[in-house]
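# Coordinates in review
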Amino acid sequence: FPYDPLSVWRRLPRRVQQRHRKAFLPDEMRAIFKAAEEYDIALGRKLPSAIIYKALLLTGNRPGAVLGARVGDQRLNRIFLPPGNGKKRNGMTTLPPAFIQELKAYLLLRGNPGPEAPLLASYKGAKADRTNLRHDFKRAMILAFVRMNWPAHEPLAEVADPLEVAYMLDTDRIRGIDGVPTKDPKKIADRAHKKESTETMAERLKPLVDRLMAGRDMYCLRKTHISWARRLVSPDSVRLQVGHAGQDVEERHYLDLVDARESSQAVWDVLTGTRSLDGRRNPLPENAD
């Protein structure tokens, strides 16, 4: 059409409440990465999953674009993504030098795949699936928030297992018992006691975990990058890193000498604890290099 036929139509009012995502705090982010590593060990996965979420956080770009990157797209200090189109633009996608070393070790663990292989692979080595990653990230969130609110010094906490409590909060059922059924009265009683403890702990922690889970999913890693970096560096660096289009004439035509690496480095510094969100630099641990 030479014109928009809907331009004279009044827009219908929104009937569904718009979803608002929330950024993670540094302690929460570190707890989620640790929980993802715990799940990898518990499930016997050969390839880690936490590095995928860490890459999404540090790049600040859309998950679909980053997960579509190939090994050959990672060169120098960034991941070269296509420019994108419309509102879905891709940014510079720079990476901190320390994380690039982690990425090299990750590729070495995969047997140094060729340039056409996916840069970030599933635990089976194939291209990572966003649906599966979202579900795994949700499970890691639940386990992280369970551990953050775990009453360590209570007798009930000595019987219940955080992994099993997190599993119940995720699936709304008790995890099955491995092995053959037993007729030993003591084992039967111990299992019943553990089941009751797990249910009690899950019921107690559910409101706390639900409150922390509200408005949060894997896509919030992008919002977390933007929220952290804008506290510490120029908004222009953040915009260039994550692919936000300029809103005025200066941003679109006149800004120059903007370094997107400042954005990813600031997020890395907050994640590793060397900087706080208020801009202060924290002392390194005694055993740090």
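Above this note sits the structure.
Overview of the structure. (Residues numbered from 1 in each chain as written. Predicted model: local features only at pLDDT ≥ 70, side-chain atom pairs only at ≥ 80, totals over all residues. Heavy atoms only, no water.)

## What about the packing of helix H5 (residues 130–148) against helix H8 (residues 185–213)?
Running from amino to carboxyl end, H5 crosses H8 at an angle of 125 degrees, the nearest separation of the two axes being 9 Å. Regarding the angle of H5 to H8, the classification is oblique. Considering how the two elements wind past one another, H5 and H8 form a crossing that is right-handed. Only Leu 205, Val 209, Leu 212 and Met 213 of H8 make contact with H5, whose side of the interface consists of Lys 138, Met 141, Ile 142, Phe 145 and Val 146. Its residues placed into classes, the contact of H5 with H8 shows eight nonpolar, no polar and one charged. (Axes fitted to C-alpha atoms, helices over the stretch in contact; angles between N-to-C directions. Helix = DSSP H or I, 4+ residues; strand = E, 2+ residues; numbered from the N terminus. Parallel < 35°, antiparallel > 145°, perpendicular 65-115°, else oblique. Left-handed = near helix turned anticlockwise from the far one by under 90°. Contact = heavy atoms within 4.5 Å. Nonpolar A, V, L, I, M, F, W, Y, C, P; charged D, E, K, R; others polar.)

## Describing the environment of Lys 34
Tracing the backbone shows Lys 34 in helix H1 (residues 26–42). When its relative accessible area of 61% is taken as the criterion, Lys 34 is described as exposed. Between the C-alpha atoms of Lys 34 and Leu 169, which are 135 residues apart in sequence, the distance is 18 Å. (Buried < 20%, exposed > 50% of the residue type's maximum accessible area, 1.4 Å probe, protein only.)

## Section: the pattern of salt bridges
For side chains of opposite charge, pairing can occur when their charged atoms come near one another. Under the counting rule described, the total for this entry stands at 19 salt bridges. Between Lys 54 and Glu 102 there is a salt bridge, and its shortest N-O distance comes to 3.2 Å. Pair noted here: Lys 54 is in helix H2 (residues 50–59) and Glu 102 is in helix H4 (residues 97–109), with a separation of 48 residues, a long-range link. A salt bridge links Lys 206 to Asp 210; the nearest nitrogen and oxygen atoms lie 2.7 Å apart. Note that Lys 206 and Asp 210 are positioned in helix H8 at a spacing of four residues, about one turn of the helix. Judged by relative accessible area, which is 38%, Asp 210 ranks as partly exposed. (Salt bridge = Lys/Arg side-chain N within 4 Å of Asp/Glu carboxyl O.)

Spatial relationships are all this shows, so hold off on functional conclusions.
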